Amino acid sequence: LASDQLLDLFRDGVDLDLKYSDGQSGQFSYAADGTVNARMAGQQLNGSWRIDGSDLCETWQPDVEHCYTVYPATASSKRFMRFDSFGTFNARMKKL
């Protein structure tokens, strides 16, 4: 997705359910103020997010940033996939 498309998706905050290629799942909540909270494998994680060009970047403790290129999964703006070195993540938006 282009930078302006990512900003449109995340500008007001969004909640995502993610399914990982290894079968695990997680819930991510991206707030409009640039914070992100995640629940994965029974752990609660807190960090920050930003858009860098066509990448969604997340920073978690201890201040390690990971950036992901986001690709549309369908013509619907309510679903997308994100790819990185760990594999494919299928995400479903719970709200816009």
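Now for a look at the structure at hand. Quantities reported herein were computed from a predicted structural model and do not represent experimental measurements. (Residues numbered from 1 in each chain as written. Predicted model: local features only at pLDDT ≥ 70, side-chain atom pairs only at ≥ 80, totals over all residues. Heavy atoms only, no water.)

### Focus: the overall build of the protein
On a plain count of helices and strands, the protein comes out with one helix and eight strands. For the protein, buried positions account for 33% of its 96 residues. Once local pairs closer than 6 in sequence are excluded, the contacts in the protein between residues at least 24 apart make up 31%. Here the protein has roughly 5,600 Å² of accessible surface; of this, 49% comes from carbon and sulfur atoms. (Helix = DSSP H or I, 4+ residues; strand = E, 2+ residues; numbered from the N terminus. Buried < 20%, exposed > 50% of the residue type's maximum accessible area, 1.4 Å probe, protein only. Contact = heavy atoms within 4.5 Å. Areas by Shrake-Rupley, 256 points an atom, 1.4 Å probe, with all protein chains shown as cover.)

### Focus on the pattern of salt bridges
One pass over the full model with this rule turns up three salt bridges. Of the charged contacts, one joins Arg50 and Asp52 as a salt bridge, the two residues approaching to 3.9 Å between their closest N and O atoms. The partner of Arg50 in a salt bridge is Glu65, with the nearest N and O atoms 2.8 Å apart. With Arg50 in strand 4 (residues 43–52) and Glu65 in strand 6 (residues 64–72), this residue pair connects regions lying 15 residues apart in the sequence. Residues joined by salt bridges that share partners form a network here, namely Arg50, Asp52 and Glu65. (Salt bridge = Lys/Arg side-chain N within 4 Å of Asp/Glu carboxyl O.)

### A word on the packing of aromatic side chains
Taken as a whole and judged by the stated rule, the model has five aromatic pairs. Measuring from centroid to centroid gives 5.1 Å for Phe10 and Tyr30, while their planes differ by 85 degrees, and the two rings are edge-to-face. Here Phe10, found in helix 1 (residues 3–10), pairs with Tyr30, found in strand 2 (residues 25–30); they are 20 residues apart in sequence, far enough to count as distant. On the accessibility criterion, Tyr30 (1% relative accessible area) is buried. Here the aromatic rings of Phe28 and Tyr30 are separated by 6.2 Å at their centres, their planes lie at 15 degrees, and the arrangement is stacked. Under the relative-accessibility criterion, Phe28 is labelled buried at 4%. Every member of this aromatic cluster is reached through a ring pair, and the members are Phe10, Phe28, Tyr30, Trp49 and Trp60. (Phe/Tyr/Trp six-rings, centres within 6.5 Å; stacked < 30°, edge-to-face > 60°.)

Without other data, these values stay purely geometric and don't point to any function.
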